[in-house]
Amino acid sequence: MSEDERNFIERAASITGNLYGEPMSPERIAENFALYGLKKRVAALERFDAELGGDIDSSPHSLRKRVQLVDLRWRMGSLHEALRNAKR
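The notes below deal with the structure included here.

Rules behind the numbers
- Residues numbered from 1 in each chain as written.
- Predicted model: local features only at pLDDT ≥ 70, side-chain atom pairs only at ≥ 80, totals over all residues.
- Heavy atoms only, no water.
- Helix = DSSP H or I, 4+ residues; strand = E, 2+ residues; numbered from the N terminus.
- Buried < 20%, exposed > 50% of the residue type's maximum accessible area, 1.4 Å probe, protein only.
- Contact = heavy atoms within 4.5 Å.
- Areas by Shrake-Rupley, 256 points an atom, 1.4 Å probe, with all protein chains shown as cover.
- Lys, Arg positive; Asp, Glu negative; His and termini not counted.
- Charge placed at Lys NZ, Arg CZ, Asp CG, Glu CD.
- 1 Å grid on protein atoms, 1.4 Å probe; cavity = no way out; pocket = protein on both sides within 12 Å on 5 of 7 lines; lining within 4 Å.
- Points joined across faces, edges and corners; volume = space filled by probe spheres on them.
- Nonpolar A, V, L, I, M, F, W, Y, C, P; charged D, E, K, R; others polar.
- Core = buried A, V, L, I, M, F, W, Y, C linked by side-chain atoms within 4.5 Å.
- Phe/Tyr/Trp six-rings, centres within 6.5 Å; stacked < 30°, edge-to-face > 60°.
- Lys NZ or Arg CZ within 6 Å of the ring centre and 35° of its normal.
- Axes fitted to C-alpha atoms, helices over the stretch in contact; angles between N-to-C directions.
- Parallel < 35°, antiparallel > 145°, perpendicular 65-115°, else oblique.
- Salt bridge = Lys/Arg side-chain N within 4 Å of Asp/Glu carboxyl O.

### Some remarks on the overall build of the protein
- Within the protein one finds four helices and zero strands.
- Counting only residues that meet the buried cut, the protein has 27% of its 88 residues in that class.
- In the protein, once contacts between residues fewer than 6 apart in sequence are set aside, the share between residues at least 24 apart is 56%.
- When the accessible surface of the protein is summed, it comes to about 6300 Å², and 54% of that surface belongs to carbon and sulfur atoms.
- Positive and negative charge centroids in the protein, built from 15 and 14 side chains respectively, lie 9 Å apart.

Structure follows, in structure tokens:
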């Protein structure tokens with residue numbers, strides 16, 4: 001699978017799998033997102049939104065991946081909003 005065909009979760013799992021021997025779960029991705037500064041969180045959310053803006057096909061695998069991405073984006077957005085409200 002080429003780099004362009006992998007989604008954010010697959011790329012994160014691959015990188016962390018190579019570095020630490022086990023892939024990073026979507027929950028861990030959201031936890032790490034909380035450690036980012038304001039500008040880095042905004043940039044990450046913008047890149048994520050750009051990725052979600054692409055077309056999808058109706059295969060079960062593609063739909064499942066899309067649901068994972070949308071769920072992670074929702075968690076990251078909620079976390080970002082909570083941190084902004086806390087002035088962090």
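Structure shown, so let's carry the discussion forward.
### Observations regarding the layout of surface pockets
- Approximately 350 Å³ is the volume found for the largest pocket.
- Along the walls of the largest pocket sit 16 residues, with Phe8, Ala12, Ile29, Tyr36 and Arg47 positioned nearest its centre.
- Counting residues per element, the ones that place at least two in the lining of the largest pocket are α1 (8-20), α2 (26-33) and α3 (38-52).
- For the lining of the largest pocket, the per-class residue count stands at ten nonpolar, two polar and four charged.

### Observations concerning the nonpolar core
- In terms of nonpolar packing, the biggest core is built from twelve residues, these being Ile9, Ala12, Ile29, Ala30, Phe33, Ala44, Leu45, Phe48, Leu52, Leu69, Leu72 and Met76.
- Secondary-structure elements contributing two or more residues to this core are α1, α2, α3 and α4 (60-85).
- If one sorts the elements of this core by residue count, α3 sits on top with four residues.
- Dropping the residues within four chain positions of it, Leu69 is found in contact with Asn7, Phe8, Ile9, Phe48, Glu51 and Leu52.

### Structural notes on the packing of aromatic side chains
- Tallied over the full model, the rule gives two aromatic pairs.
- Here the aromatic rings of Phe33 and Tyr36 are separated by 5.6 Å at their centres, their planes lie at 65°, and the arrangement is edge-to-face.
- One residue, Lys40, lies across the ring of Tyr36, its end atom 4.5 Å from the ring centre.

### A short note on the packing of α1 against α4
- Relative orientation of the contacting elements α1 and α4 amounts to 85°, with a least axis distance of 9 Å. In this view, α1 runs roughly perpendicular relative to α4, as classed from their interaxial angle. Of the residues in α4, those in contact with Phe8, Ile9 and Glu10 of α1 are Lys65, Gln68, Leu69 and Leu72.
- A per-class count over the contact of α1 with α4 returns four nonpolar, one polar and two charged.

### A few points about the pattern of salt bridges
- Overall, the coordinates contain six salt bridges when judged by the stated rule.
- Note that Glu27 and Arg75 form a salt bridge whose closest N and O atoms lie 3.8 Å from each other. Taken together, the residues Glu27 in helix α2 and Arg75 in helix α4 connect sequence positions 48 residues apart.
- A residue is classified by how much of its surface remains accessible, and Arg75, at 24% relative accessible area, is partly exposed.
- Between Asp71 and Arg75 there is a salt bridge; the shortest N-O distance is 2.5 Å.

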